[in-house]
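Listed here are the chains, written in short residue letters.
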Amino acid sequence: MPAPAPNVYAPPEGEPPRAVYLHVPFCQHRCGYCDFTLVARQDDLIPQWLTALGNELQRLDRPYEVDTIFVGGGTPTHLNETQLEEFFQLIRSHFNLSENGEFSIEANPDGLTDSKLTLLQQCGINRISLGVQSFDDDVLQVLERTHRADEAQEVIHQCSEFIPDVSLDLIFGVPDQQLELWQTTLETALSLPISHVSTYGLTFEKGTAFEQRRRAGDLLPVMDDVERNMYAFAIDVIPESGRAHYETSNFAMPGHECRHNMVYWDASEYFGFGPGAARYVNGVRSTNARNVTRWIRDWLENRDSLQDHEVLSADARAREAIYLAMRLVRGLNVPEFETRFNVSLTELVGNEVTHHIEGGMLEVVDGWLRLTREGRFVADSVMIDLV
Ligand code: SF4
């Protein structure tokens with residue numbers, strides 16, 4: 001018989017997490033490539049989701065002070081203003097943001113009115129991450145996005161008047177996207193008032209409409225060398241604009257790195273609420289049910305709604321910290337790591353590290369273990385050897 005799930009809402013035993021993620025699982029429609037936890041065209045569920053979220057948050061033993069709050073989705077700004085106010089009120093009653101804390105929200109360019117942005121500003125949002133994906137209308141159409149490129153540019157300027165930090169998500173490797181189109185999208189992005197940019201290669205996730213179309217031969221992925229050239233262009237050109245490459249997919253002006261995501265890459269603990277949300281508290285990683293209606297039903301009846309959980313051993317925690325740090329351009333500070341986990345890096349993964357150093361994929365510079373530039377292009381295969 002499997003061991004019963006631990007109480008994932010138990011009060012933290014040591015220092016409480018300083019970060020919280022909240023998931024808003026609603027979108028206007030589901031884009032063909034998206035496998036995130038969400039429902040589309042089911043806005044009638046929003047009031048029930050808010051009640052369910054309130055019940056889940058009630059499981060905390062007390063309010064916590066955090067340094068970062070990240071509201072992700074879905075499209076959090078798909079909520080109307082009344083729903084957003086209720087949502088922020090819920091957050092406020094369970095979390096206090098420390099002075100100079102980071103309060104991020106994900107948003108899409110459509111539907112962001114001045115009135116909604118004013119509300120976000122008044123509620124303390126100081127970082128907005130916009131799902132722009134491309135500044136080419138043909139690429140946006142392939143991705144089944146509902147905004148146009150010129151609208152996105154306008155919205156970025158508009159956001160920058162309300163919210164100090166604006167970040168963009170961009171996708172490369174879209175079927176039929178030529179390298180030149182990606183270069184133009186990046187050049188447009190870099191001319192805009194943004195402090196942060198994230199670039200992701202398109203993936204064909206299992207269960208998505210894109211994956212089915214790929215199998216049917218209706219969508220052809222770009223060639224590997226084209227995708228590699230697109231990534232190479234990004235990591236060469238974006239830093240020239242002053243937005244340094246600090247993580248596999250992320251670039252930021254100095255001091256504008258996403259502090260919330262740094263918590264993940266630092267293998268630190270964090271709270272998580274809402275359908276599909278992950279948390280890491282008391283050495284237990286757990287993920288909420290990804291089925292939105294199941295999660296709502298469970299929490300309306302005040303029942304935990306977990307997809308899975310894992311109690312990490314000391315060894316697993318240390319290995320995971322190495323794996324996650326390899327996402328960071330600066331890499332892993334080896335002396336700090338050995339003190340924090342009370343383990344020798346050489347004993348843990350010495351053979352694998354030596355193998356990849358000899359192969360030119362890893363290097364150690366001033367006590368930091370990190371991927372080389374060449375290693376960045378095959379990061380997944382190197383990182384998997386370190387787990
Ligand atoms: S808008 Fe974003 S979260 Fe919503 S379906 Fe499209 S890709 Fe997924």
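Residues numbered from 1 in each chain as written. Predicted model: local features only at pLDDT ≥ 70, side-chain atom pairs only at ≥ 80, totals over all residues. Heavy atoms only, no water.

1. Notes on the environment of threonine 293
For clarity, the threshold we go by: Per the convention used, a helix needs a DSSP run of H or I reaching at least four residues, while a strand needs a run of E reaching at least two, with both numbered from the N terminus.
Mapped onto the fold, threonine 293 is located in helix H10 (residues 292-300). Here the alpha-carbon distance between threonine 293 and valine 39, two residues 254 residues apart in the chain, equals 8.8 Å.

2. Things to note about helix H6 (residues 179-190)
Defined as follows: The span you would expect from a helix comes to 1.5 Å times its residue count less one. A contact between two residues is defined here by any heavy atoms of the two lying within 4.5 Å.
Helix length check: H6 (twelve residues) gives 17 Å between terminal C-alpha atoms against 16 Å at 1.5 Å per residue, within 8%. On the buried face of H6, the contacting elements are helix H5 (149-162), strand S7 (165-172), strand S8 (196-201) and helix H8 (224-237).

3. So, the site of the ligand
The criterion, for reference: Near is defined per residue: the residue qualifies when any heavy atom it owns lies within 4 Å of the molecule or strand. Just so you know the grouping, Ala, Val, Leu, Ile, Met, Phe, Trp, Tyr, Cys and Pro go in nonpolar, Asp, Glu, Lys and Arg go in charged, and all remaining residues, Gly too, go in polar.
Neighbouring residues of the ligand: Cys27, His29, Arg30, Cys31, Tyr33, Cys34, Phe36, Leu38, Gly74, Thr75, Asn108 and Arg145. When the residues that make up the shell around the ligand are grouped by side-chain class, the tally is six nonpolar, four polar and two charged.

4. What about the sheet that holds strand S12 (residues 278-281)?
Here is the rule: Between any two strands, at least two bridges found by DSSP are needed for them to pair. Note on geometry: axes are lines fitted to C-alpha atoms, helical ones only across the stretch in contact, with angles between N-to-C directions running from 0 to 180 degrees.
Read across the sheet, three strands follow the order S12-S13-S14 without closing on themselves; strand pairing throughout is antiparallel. For this open sheet the edge positions go to S12 and strand S14 (306-311), each flanked by a neighbour on one side alone. Recorded for the sheet is a direction-independent mean angle of 15 degrees between the axes of neighbouring strands. Looking at chain direction, strand S13 (residues 284-288) and S14 are connected through five bridges and run antiparallel. Bridging from a neighbouring strand, valine 284 pairs with valine 311 of S14.

5. Here we look at the side chain of histidine 29
Our working definition: Pairing of N or O atoms within 3.5 Å defines a polar contact, subject to two protein rules: one partner must be a possible hydrogen donor and the other a possible acceptor, and residues neighboring in sequence count only if both atoms are side-chain atoms.
Along the chain, histidine 29 turns up in the loop between strand S2 (26-27) and strand S3 (39-40). Within the structure, the side chain of histidine 29 is placed 2.7 Å from the backbone oxygen of glutamate 144, a separation counted as a polar contact. Residues contacting histidine 29, with those up to four places away along its chain left out, are Ala40, Arg41, Glu144 and Thr146.

6. Observations regarding the packing of aromatic side chains
In this description, an aromatic ring pair is defined by two values, namely the gap between the centres and the angle between the planes. How we decide: Ring pairs shown here join Phe, Tyr and Trp side chains whose ring centres sit within 6.5 Å, with only the six-membered ring taken for Trp; geometry is labelled stacked below 30 degrees between planes, edge-to-face above 60, and tilted in between. Per-residue accessibility, obtained with a 1.4 Å probe over protein chains only, is compared with the maximum for each type, and a residue is labelled buried under 20%, exposed over 50%, and partly exposed between these values. Any Lys NZ or Arg CZ that is within 6 Å of a ring centre and within 35 degrees of that ring's normal is treated as a charge sitting over the ring.
As enumerated under the stated definition, the model contains 19 aromatic pairs in all. A centroid spacing of 6.1 Å and a plane angle of 20 degrees characterise the contact between tyrosine 21 and phenylalanine 70, whose relative ring orientation is stacked. Placement of tyrosine 21 in strand S1 (residues 19-24) and of phenylalanine 70 in strand S4 (residues 64-73) is noted, with a sequence separation of 49 residues between them. Phenylalanine 70 gets classed as buried once you look at its relative accessible area, which sits at 6%. With a centroid separation of 4.7 Å and 75 degrees between ring planes, the pair formed by tyrosine 264 and tyrosine 270 is classed as edge-to-face. Of the residues examined, tyrosine 270 reaches a relative accessible area of 8% and is grouped as buried. By way of ring pairs, the aromatic residues Tyr9, Tyr64, Phe95, Phe271, Phe273 and Trp299 are connected into one cluster. Looking at arginine 214, its charged tip hangs above the ring of phenylalanine 204, at a distance of 4.9 Å from the centre. For the cation-ring pair, arginine 285 lies above tyrosine 280, with the distance from its terminal atom to the ring centre recorded as 4.4 Å.

7. Points about the sheet that holds strand S5 (residues 95-107)
Sheet architecture is open: nine strands sit in the order S9-S10-S8-S7-S6-S5-S4-S1-S11, paired in mixed fashion. With partners counted over all chains shown, the strands left at the sheet margins are strand S9 (244-247) and strand S11 (271-273), one partner each. On average, each strand axis in the sheet is inclined to that of its neighbour by 20 degrees, with strand direction left out of account. By the bridge criterion, four bridges tie S5 to strand S6 (residues 127-133) in an arrangement that is parallel.

8. Side note on the domain arrangement of the protein chain
What counts, and what does not: Those domain boundaries reflect an automatic or database domain assignment. The term buried area refers to how much accessible surface (probe radius 1.4 Å) is lost by two components on association, counted for both of them together. Any Lys or Arg side-chain nitrogen found within 4 Å of a carboxyl oxygen on Asp or Glu counts as a salt bridge.
We note that the domain assignment places domain 1 (19-265) and domain 2 (330-387) within the protein chain. On a C-alpha basis, the centres of domain 1 and domain 2 stand 30 Å from each other. At the junction of the two partners, domain 1 supplies eight residues and domain 2 supplies five residues. Together domain 1 and domain 2 conceal approximately 630 Å² of surface at their shared face, both sides included; 53% is due to carbon and sulfur atoms. A per-residue breakdown of the area domain 1 buries against domain 2 is headed by Arg228, Tyr231 and Thr248, which together make up 56% of the total. If you look at where domain 1 meets domain 2, you find two salt bridges. A salt bridge links arginine 228 to glutamate 374; the shortest N-O distance between them is 3.4 Å. The greatest single-element share of the side of domain 1 that touches domain 2, amounting to five residues, is contributed by H8. The residue inventory of the side of domain 1 that touches domain 2, partitioned by class, reads four nonpolar, two polar and two charged.

9. Comments concerning the nonpolar core
Inclusion rule: We define a nonpolar core as any set of buried Ala, Val, Leu, Ile, Met, Phe, Trp, Tyr and Cys residues linked to one another through side-chain atoms lying within 4.5 Å.
Membership of the largest hydrophobic core comes to 77 residues, with the highest contact counts inside it found for Trp49, Phe87, Ile128, Leu130, Phe135 and Phe273. Contact partners of phenylalanine 135, with chain neighbours within four places excluded, come to Ala149, Ala152, Gln153, Ile156, Leu168, Leu170, Thr185, Thr188, Ala189 and Leu192. Leu345, Val349, Leu371 and Val382 belong to the second-largest nonpolar core, a separate cluster that totals 23 residues.

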